[in-house]
Amino acid sequence: MTSKLGASLLTSRATGTSLSLFDLGEVPGSPIDLRARALDHARAQSLVADALSLAFKGFQETAANISATTMRNELNRLVAQMPEGPDRDAFAREMDSFYGLFTRYLAQKVKAQKLDWAEVKSPGAEQVRLYKELPKVNSDSITNALEKLAVLKLNGGLGTTMGCTGPKSAIEVREGMTFLDLTVRQIEYLNSENKVSVPLILMNSFNTDEETSRIIQKYKGHQIQLLTFNQSRFPRVAKESLLPVPKDPQGRLSDWYPPGHGDLFESLANSGVLDQLIAEGKEYLFVSNVDNLGATVDTTILQHLHESGAEFIMEVTDKTKADIKGGTLIDYEGHIQLLEVAQVPGQHMDDFKSVKKFKIFNTNNLWISLKAIKRLLEENALDMEIIVNNKVAESGEKVIQLETAVGAAIKYFKGAHGINVPRSRFLPVKSTSDLFLITSDLYKLNHGELQMNPKRLFNTVPLVKLGDHFKKVAHFQSRFQGPPQILELDHLTVTGDVTFGHNVVLQGTVIIVANYGSRIDIPSGAILNDKVVSGNLRILDH
């Protein structure tokens, strides 16, 4: 007898994919090879799964196309509300840039490509060089390299997390000087000492531009070329509908956001500053966060950039337990790449945070070829990973912000690599605990540059944790009559209502805890060496 196989057809409407399915039920009297039957069944199940996957992908693609079309229409509506003129043209370009980012986000969702953790490897010696092994500076050639350099500070952030209004760069950090004051002094000194003209560029956001424009008026008499431009202003997106939140291009500021420092490249070009720098003979751009007081122009790295022909150099430094969430350089499928914590699969998070496996992290001090930026923009080649930042609007609506990181562009530049630099090149001020260190005798100020006090016996920085009473800059300043002396301090923890007098000396490990309702006043001239100070001001050996 012959076997009968009944066939059915599964068709995916979304993809048009057809798949034949066979009834593998046994016909009485027919000889069936059970092993072959099992294999056929497994093969059929696999085909069904593939078809369903294609169908789901087709559904996603259709939904993505609808979202893209709707978004384009909404952006066009916003542009149409602007009066004719240069501002409308600039706004239209900005919305075009956002639309490009949004469609990449949709494509990223459809592809759903995940990081293959098996391909994540530590970078090789050629991918991350050691700073101490770089050639010493040649005084003759470095002047030529400096003439081709421009310095850019990322100045888009506010000081709200430290209780300040306005740009973070306007916070006083040392001897009455702000972040911006110190930066200007550094560049002025660099120019005068080397008889060059290195311009300082500030990339502002719509949050910081107006106040920064007022602040920089005081530098008019200084011997420095100071340029500013704004990074993009993108609309927040409603999480459920994937529609732009703003209904009016001039509406509430809270409906808009600056899309991370990865926007640097397009904004630099759109502002005209990129072409201006190239026309002035500039070839290199040193980029850093304005609140990183260790990010000064390093002529050793500049010379290496100049002589190596690399188009992109990222400064990295050794990771400590305080840096476990910082992005790191990896070798991925044979190419150098920045790995951010948001890209790490949950089951591998412990690996990522391990100081043993990933020993370095990104300082966001970057040295980049200006001509390479222009080339890659013209080729539309900068396709950095999109960071989805989930927020809640003032109305309570869930929204998303699509952002990119400037360091993620490293994989697109020729000859790109990292340099493992000393920790002294990473001195960010993210909290008042950091401010405590910067204002102390741990550092000396030299022409706007902070340098570790040579009297400090260790190269490491003390671990400092200040409680909520110190969180805002104004509160922090009111609790110190003068900066404590901490040259021999290893660890400091302070919680509760605590104040410090003049010339307080802190050494070893010091823990000060004022319980709720209590207050501790550390008297002027007090020396605390390995002490725990509790709510009733008892001083105990620790």
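Above this note sits the structure.
Everything quoted here is computed from the prediction, not taken from an experiment.

Peer 1: Explain the overall build of the chain to me, please; I cannot follow it from the model alone.
Peer 2: Counting its regular elements, the chain contains 12 helices and 29 strands. Taking the intrachain contacts of the chain between residues at least 6 apart in sequence as the baseline, contacts between residues at least 24 apart amount to 68%. When the accessible surface of the chain is totalled, it reaches about 27,100 Å², and 51% of it is carbon and sulfur.

Peer 1: Honestly, empty space enclosed by the protein in this entry has me stumped. Any pointers?
Peer 2: Where empty space is left can be seen by rolling a probe of water-molecule size over the atoms. Across all of its chains, the model carries one cavity of 30 Å³ or more by this definition. Computed from the structure, the largest cavity encloses a volume of approximately 30 Å³. Lining the largest cavity, in full, are Lys153, Thr183, Gln186, Val290, Asn292, Leu293 and Ala295. Looking at side-chain class alone, the lining of the largest cavity contains three nonpolar, three polar and one charged residues.

Peer 1: Please explain helix H2 (residues 86–111) as it appears in this structure.
Peer 2: A rise of 1.5 Å per residue sets the reference length of H2, with its 26 residues, at 38 Å; its end C-alpha atoms lie 38 Å apart and thus fit the reference within 8%. For H2, the full list of buried residues reads Phe91, Glu94, Met95, Ser97, Phe98, Leu101, Phe102, Tyr105, Leu106 and Val110.

Peer 1: I would appreciate a short explanation of the sheet that holds strand S18 (residues 387–392) in the present structure.
Peer 2: Each strand in a sheet pairs with its neighbour through backbone hydrogen bonds, running either in the same direction (parallel) or in the opposite one (antiparallel). Taking strand neighbours across the sheet as the criterion, the three strands line up as S11-S19-S18 in an open arrangement whose pairing is antiparallel. Only two strands of the sheet have a single partner each, and these edge strands are strand S11 (237–238) and S18.

Peer 1: Looking at this model, I keep getting lost on the side chain of Arg479. Mind explaining?
Peer 2: By the secondary structure assignment, Arg479 is in the loop between helix H12 (473–478) and strand S24 (489–495). The exposure class of Arg479 is buried, given its relative accessible area of 13%. Within the structure, Arg479 has its side chain in polar contact with the backbone oxygen of Val498 (distance 3.0 Å). Every residue in contact with Arg479, bar those within four places of it in the chain, is listed here: His469, Phe470, Asp497, Val498, Thr499 and Phe500.

Peer 1: Sorry, what's going on with the packing of helix H3 (residues 139–147) against helix H8 (residues 299–308) here?
Peer 2: For any two helices packed against each other, one specifies the inter-axial angle together with the distance between the axes. At a closest axis distance of 10 Å, the pairing of H3 and H8 adopts a crossing angle of 85°. Relative to H8, the element H3 is oriented roughly perpendicular. Here H3 contributes Ser141, Ile142, Asn144, Ala145 and Leu146 to the contact with H8, which in turn contributes Thr299, Leu302, Gln303, His306 and Glu307. Tallied by class, residues from the contact of H3 with H8 come to four nonpolar, five polar and one charged.

Peer 1: How should unusual backbone geometry be read in this particular structure?
Peer 2: Outside of glycine, negative phi angles account for most residues, and trans bonds account for most peptide bonds. A positive phi angle, near 55°, is found at Glu333, a position not held by glycine. Along the polypeptide, Glu333 turns up in the loop between strand S15 (328–332) and strand S16 (335–339). You will see that His447, though not glycine, has its phi angle at about 55°, which is positive.

Peer 1: Hey, could you run me through the nonpolar core in this one?
Peer 2: Most often, soluble globular proteins have nonpolar side chains that are buried together. One finds Phe436, Phe500, Leu506, Ile512 and Ile522 to be the most contacted residues of the largest nonpolar core, which totals 40 residues. Sorting elements by how many residues they give to this core places helix H11 (residues 432–439) first, with four residues. What Ile512 contacts, discounting residues up to four positions off in sequence, is Thr493, Val494, Thr495, Val498, Phe500, Ile520, Ile522, Leu528 and Val533. Judged by nonpolar contacts, the second largest core, of 37 residues, contains Val287, Met384, Ala408 and Ala409.

Peer 1: Could you clarify how one ought to interpret H8 in this entry?
Peer 2: An α-helical turn contains 3.6 residues, so a residue and the one three or four places further along point in the same direction. Regarding H8, the residues found buried are Thr300, Ile301, Leu302, Gln303, His304 and Leu305. Backbone nitrogen of Thr300 and a side-chain oxygen of the N-cap are separated by 2.9 Å at the start of H8; the cap is Asp298. Trailing H8 by a residue or two, Gly309 shows a phi angle of about 80°, which is positive.

Peer 1: Could you clarify how one ought to interpret the pattern of salt bridges in this entry?
Peer 2: A pair can form between side chains of opposite charge whenever their charged atoms are brought close. Applying the stated rule across the entire model yields 23 salt bridges. One salt bridge in this structure joins Arg104 and Asp383, with 2.6 Å as the shortest N-O distance. Of this pair, Arg104 sits in helix H2 while Asp383 is found in the loop between helix H10 (370–378) and S18, placing the two residues 279 residues apart along the sequence. Taking the shortest distance from any N to any O, the salt bridge between Asp181 and Lys218 comes out at 3.0 Å. Taken as a pair, Asp181 in helix H4 (residues 179–194) and Lys218 in the loop between helix H5 (209–215) and strand S9 (226–230) lie far apart in primary sequence, 37 residues in all.

Peer 1: I keep staring at the environment of Glu266 and nothing clicks. Help me out?
Peer 2: Position of Glu266 among the secondary structure elements: in helix H6 (residues 264–270). For the pair formed by Glu266 and Ser232, sequence separation is 34 residues and the distance between their alpha carbons is 8.5 Å. With near-sequence residues (within four places) excluded, Glu266 lies in contact with Ser97 and Leu377. Here Ser97 takes part through its side chain, which lies 2.7 Å from a polar atom of the side chain of Glu266.

Rules used throughout
Residues numbered from 1 in each chain as written. Predicted model: local features only at pLDDT ≥ 70, side-chain atom pairs only at ≥ 80, totals over all residues. Heavy atoms only, no water. Helix = DSSP H or I, 4+ residues; strand = E, 2+ residues; numbered from the N terminus. Contact = heavy atoms within 4.5 Å. Areas by Shrake-Rupley, 256 points an atom, 1.4 Å probe, with all protein chains shown as cover. 1 Å grid on protein atoms, 1.4 Å probe; cavity = no way out; pocket = protein on both sides within 12 Å on 5 of 7 lines; lining within 4 Å. Points joined across faces, edges and corners; volume = space filled by probe spheres on them. Nonpolar A, V, L, I, M, F, W, Y, C, P; charged D, E, K, R; others polar. Expected span 1.5 Å × (residues − 1). Buried < 20%, exposed > 50% of the residue type's maximum accessible area, 1.4 Å probe, protein only. Pairing = 2+ DSSP bridges. Polar contact = N/O pair within 3.5 Å; in protein donor to acceptor, adjacent residues only side chain to side chain. Axes fitted to C-alpha atoms, helices over the stretch in contact; angles between N-to-C directions. Parallel < 35°, antiparallel > 145°, perpendicular 65-115°, else oblique. Core = buried A, V, L, I, M, F, W, Y, C linked by side-chain atoms within 4.5 Å. Salt bridge = Lys/Arg side-chain N within 4 Å of Asp/Glu carboxyl O.

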